[in-house]
Amino acid sequence: MAEQKAAHYFASLSAQVRDKTYVPALTEDFELWKKDHIHTSSWLSLLSRSKRKPDSSDYYKYIQWLNSTGKLDAYLDRSVSYIYMRDLGKALDSTDTQTRIQRVVGDVKNYFLQSTATKGGELTEYMSVAGAYRWAQKEGVEDATIWVINKLRSVSAHIPEGMNAEQAQRKLIKIIVGVVLHVIEEMDDDLLPAERACRLDEAIRLGYSYGLTYPFIDDLLDSQVLNTQEKEQYSRMIRSAIITGAVPEWGEWGGNNKELLHFIHSELRDAFKYIKRYQRPETEKTFFEQSYVFFHSQDMDRAKELSNPNYSNEELYVPIILKSSSSRLIVRSVIRAPVDEGFNHRTFCYGIYNQLADDFADMFDDMRDGAVTPYTYYLTYHGQRKDLINPFELYWAVIAHLIHNVYRSDAKTREVILDRAINGLKRCKQRVGIEKYNEIMAIFASGIPEFNRLIQHLVRKADDVDFLDKLLRDHMVTVLKNERKEKEQFFDTIKTVRDQINELLPIPKHHGIPAMKETLIDAANYSLEGDGKRLRPMLAWVMGIQEYGLNASAIVPLLRSLEYMHTASLIFDDLPSQDNASTRRGRPTLHQAHNSATAELTGLFLIQKAIEEQASLNGFDASTVLALMRYSSQKAADICMGQAMDLQSKGKALTLEQMNMICFYKTGIAFEACLVMPAILAQVTETEMAALQTFAYHAGIAFQIKDDLLDYEGDQHVLGKPVGKDAENNTSTFVTILGDEGARREMWEHYCLASEALRAVPRNTSFLKHLLNYLVNRDR
């Protein structure tokens, strides 16, 4: 039935292409449109050259320019209107839709102007984990947001080479946001906050569950990651799930992708069950029907080979009409949204417009990959087959059909659709260069020379056709690429610096030392040689060398002293008189390997060695070293106080305030010292020092909460120490005070506060940002 409907739609469009009936109507549309988009030069324009349009990649300057030139309202209006048409299937001639659009435009404008004024234009913050969590707090959906943050991190870690990781993540995030927008749009303004939060919680989980199909079905099957046999077996499993309503069990899989596919099967199974459980009996049938149409049309399209010269026009176009429309219709059934009059027809007709625009933008990548799209196929065979429908002409026929037959010649709709069309051609021309662009147009526009002259005139001269979603998409891809690169650099730095620090730590045994001192050195080295993370000296290394430009060899004594102090504190913490731990850093604690007396003496020995190392900082003036040693001794005393408070609290029910205080003195101060001690040596400003201390305070608490969560639910083999010790020792933790969900919320609150503190640090903070991510996402 879907294929028949699509074939009928395609026959109508192809007749318009054949007879060129769309050209007069669209020519008239463009003549009206260009009055607002082509401006003749005047003396005023000469005076305003100082306000030339900046590149949109510079978000801050671009938004400020739009605002100062009075273009921001129109920019946001067409951008939000387009989203309402494309993603929500709305008709723009509806008074209610216009009211909603204007409200969104006002909210977005206020946010952007505020962000550019107070945050230096950091759109990245808007797309950050901290930004997402702050939104979640306002809406009361912290748990769902924490859940989806963890899910996105897991998906990111499982996107294999051979797939575009940034685009896969972008699509998934876009779908989640799109489903949330759908649900928000369906809510009444007078909905109670609790009910609103419940619906948004479901929307986030539904968005992830549906969006997961894009990287792990669509993109995966389009890529060359799986071999032919794996693709066939995987496709059969998906088809079976849609037809029967039940995901087949994981069976026998061969090849190199068994582990990847096992993970994907598990994630998609859970997502499938969540969506199915959410459906009502009257929507479940529609959901499975649309899902089948979508997957089947994708499968038909995917099976085509560019080397086959015999595909009919129907074989090329009917599947893309189906997949482009059903992908949006699925969203409505996923969220059980009521359908307003005309929605199905608008969505069905609209899909191919969006698909043809996307395929045009991706044409050269598709040619490189040998993918069959109307554009790649026409480029390959237009010289041999005169019967082929020109996709560029069909694109304009679709636009004319949408404006006049679907959206009833609505002026606002015409404005938005034509803005989008010219914007797409402008972006293509900028991306491929004028020569290549003209070569493309010579092929695709040869059958409509007069109309094409008008189009190319508009591409050269027309202005004010930019869209917010393009800016966000480009910026998100850039952010994701930078994040990925920074993350790789972060872990490379950790590995390199950790190896260097490990080589620096062993205490040498000089010839002729007393046997008892040799025993103490052996015990100290035993504790130092464990599988430690070395976070503290690594922090000092990065800040001292990479950020402050200190001499690497000059700060070696500082690195040693930090790890000696930290290891000493662990030795004392593990003693039977304190935490009574049996395992540390993947092996028996020192008092287990020797005895308590040896452990106590070794701890004292390491503290003295730390002081000796600090006194050896010869590359700095004496007053600076004395200031550092004074600070170090004060913080060591504070840490001792924190441990005493912790021991005194055993068996007692603590308040959150008391827990935060103990945590700061036990953990936060140690993080602070690693940041502040290199800063003392570099003699940075008090303002920067204060920002580092704020970051350390919140990062330290987030670190401790994660430790408590790992003790509650972690894996001993991964952690390298026993789990459940806090409960066994009757110790108050963030988990015992707040529960596991409350502890996670508190951890993310401190994550946000630490992230926000970094904005006040006037230097590159990418390492600290990724360190913070590591602290809350680690599994040990």
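Residues numbered from 1 in each chain as written. Predicted model: local features only at pLDDT ≥ 70, side-chain atom pairs only at ≥ 80, totals over all residues. Heavy atoms only, no water.

## Some thoughts on the overall build of the protein
- The secondary structure content of the protein amounts to 36 helices and two strands.
- Across its three principal directions, the C-alpha atoms of the protein cover 100 × 70 × 55 Å.
- Put simply, 75% of the contacts in the protein that link residues at least 6 apart link residues at least 24 apart.
- When the accessible area of the protein is evaluated, it comes to approximately 35,500 Å², of which 51% is carbon and sulfur surface. (Helix = DSSP H or I, 4+ residues; strand = E, 2+ residues; numbered from the N terminus. Contact = heavy atoms within 4.5 Å. Areas by Shrake-Rupley, 256 points an atom, 1.4 Å probe, with all protein chains shown as cover.)

## With respect to the pattern of salt bridges
- Tallying each qualifying case throughout the model produces 52 salt bridges.
- For D143, the salt bridge identified is with R745, shortest N-O distance 3.0 Å. Residue D143 is found in helix 9 (residues 142-157), and its partner R745 is found in helix 35 (residues 734-758); the two are separated by 602 residues along the sequence.
- Judged by relative accessible area, D143 falls into the partly exposed class, the value being 22%.
- Residue classification places R745 among the partly exposed positions, given a relative accessible area of 33%.
- For R584, the salt bridge identified is with D574, shortest N-O distance 2.8 Å. Taken together, the residues R584 in strand 1 (residues 583-584) and D574 in helix 27 (residues 556-574) connect sequence positions 10 residues apart.
- Judged by its relative accessible area of 22%, R584 is partly exposed.
- Relative accessible area serves as the criterion here: at 4%, D574 is assigned to the buried category. (Salt bridge = Lys/Arg side-chain N within 4 Å of Asp/Glu carboxyl O. Buried < 20%, exposed > 50% of the residue type's maximum accessible area, 1.4 Å probe, protein only.)

## Considering the domain arrangement of the protein
- You can read the domains of the protein as domain 1 (1-37 + 315-466), domain 2 (58-127), domain 3 (137-278), domain 4 (487-619) and domain 5 (620-779).
- Relative placement of domain 2 and domain 4: their C-alpha centres are 53 Å apart. (Domains from an automatic or database assignment.)

## Looking at the packing of aromatic side chains
- A full pass over the atoms with the stated rule returns 38 aromatic pairs.
- When the ring of F491 is compared with that of Y774, the centres are 6.4 Å apart and the planes differ by 80 degrees; the resulting orientation is edge-to-face. In this pair, F491 is assigned in helix 24 (residues 468-504) and Y774 in helix 36 (residues 766-777), connecting sequence segments 283 residues apart.
- According to the relative accessible area criterion, F491 is partly exposed, its value standing at 38%. (Phe/Tyr/Trp six-rings, centres within 6.5 Å; stacked < 30°, edge-to-face > 60°.)

## Focus on the packing of helix 16 (residues 313-334) against helix 17 (residues 343-361)
- Remark: helix 16 packs on helix 17, axes separated minimally by 8 Å, with the N-to-C direction vectors making an angle of 125 degrees. As judged from the angle between their axes, helix 16 and helix 17 are oblique. Once helix 16 is placed against helix 17, the crossing between them reads as right-handed. On helix 17, the residues touching Y317, I320, I321, K323, S324, S325, R328, L329 and R332 of helix 16 are F343, N344, T347, F348, G351, I352, N354, Q355 and L356.
- Across the contact of helix 16 with helix 17, the residue classes break down as eight nonpolar, seven polar and three charged. (Axes fitted to C-alpha atoms, helices over the stretch in contact; angles between N-to-C directions. Parallel < 35°, antiparallel > 145°, perpendicular 65-115°, else oblique. Left-handed = near helix turned anticlockwise from the far one by under 90°. Nonpolar A, V, L, I, M, F, W, Y, C, P; charged D, E, K, R; others polar.)

## Things to note about the environment of Q98
- In this fold, Q98 is placed in helix 6 (residues 95-118).
- On a C-alpha basis, the gap between Q98 and I555 in space is 63 Å, while along the polypeptide they are 457 residues apart.
- Dropping the residues within four chain positions of it, Q98 is found in contact with L92 and K412.
- Side-chain polar atoms of Q98 contact the side chain of K412, separated by 2.9 Å. (Polar contact = N/O pair within 3.5 Å; in protein donor to acceptor, adjacent residues only side chain to side chain.)

## So, the side chain of T493
- In this fold, T493 is placed in helix 24.
- Within the structure, the side chain of T493 is placed 2.8 Å from the backbone oxygen of Q489, a separation counted as a polar contact.
- Those residues within four positions of T493 in sequence are excluded, and the remaining contacts are R498, W541, V542, Q546 and F767.

## A look at unusual backbone geometry
- For K20, which is not glycine, the phi dihedral falls at a positive 55 degrees.
- Looking at the element boundaries, K20 is found in the loop between helix 1 (2-19) and helix 2 (22-33).
- Under the relative-accessibility criterion, K20 is labelled partly exposed at 29%.
- Phi angles above zero are rare outside glycine, and R408 is one such case at about 60 degrees.
- With respect to the helices and strands, R408 occurs in the loop between helix 20 (391-406) and helix 21 (411-432).

## Some details on helix 11 (residues 193-211)
- In this model helix 11 runs 26 Å from its N-terminal to its C-terminal C-alpha over 19 residues, within 8% of the 27 Å that 1.5 Å per residue would give.
- Looking only at helix 11, the buried set comprises A197, L200, A203, I204, R205, L206, G207, Y208, S209, Y210 and G211. (Expected span 1.5 Å × (residues − 1).)

## Regarding the environment of V776
- Tracing the sequence through the fold places V776 in helix 36.
- By relative accessible area, V776 is classed as buried at 2%.
- Sequence separation between V776 and R78 is 698 residues; the distance between their C-alpha atoms is 40 Å.
- Once residues within four sequence positions are removed from consideration, V776 is found in contact with A702, K706, M747, W748 and Y751.

## A look at the side chain of Q355
- With respect to the helices and strands, Q355 occurs in helix 17.
- For Q355, a relative accessible area of 17% gives the class buried.
- Excluding residues within four positions of it along the chain, Q355 makes contact with I320, K323 and S324.

## What about helix 17?
- Compared with the 27 Å implied by 1.5 Å per residue over 19 residues, the 27 Å span of helix 17 between its first and last C-alpha is a close match.
- Bending of helix 17 peaks at approximately 30 degrees at the position of Y350. (Bend = angle between axes of the 7 residues up to and from the residue.)

## As for the confidence of the model for the protein
- When pLDDT is averaged along the protein, the result is 89, and 94% of the positions lie at 70 or above.
- Note on residues 716-721: pLDDT is under 50 here. Beyond four places in sequence and across chains, it has 17 contacts. (pLDDT = per-residue confidence, 0-100.)

## Side note on the state of the cysteines
- For the structure shown, the criterion picks out zero disulfides.
- The closest cysteine sulfur to the non-disulfide-bonded C752 is located on C663, 17 Å from its own sulfur.
- Residue C752 is classed as buried on the basis of its relative accessible area, which comes to 0%. (Disulfide = S-S within 2.5 Å.)

## Points about the environment of Q102
- Along the chain, Q102 turns up in helix 6.
- Here Q102 falls in the partly exposed class, since its relative accessible area comes to 40%.
- In the structure, Q102 is positioned 22 residues away from V80 in sequence and 8.6 Å away in space, judged by C-alpha atoms.
- Setting aside its immediate chain neighbours within four residues, Q102 contacts D77 and K412.
- Among the polar contacts listed, one links the side chain of Q102 to the side chain of D77, at a separation of 2.7 Å.

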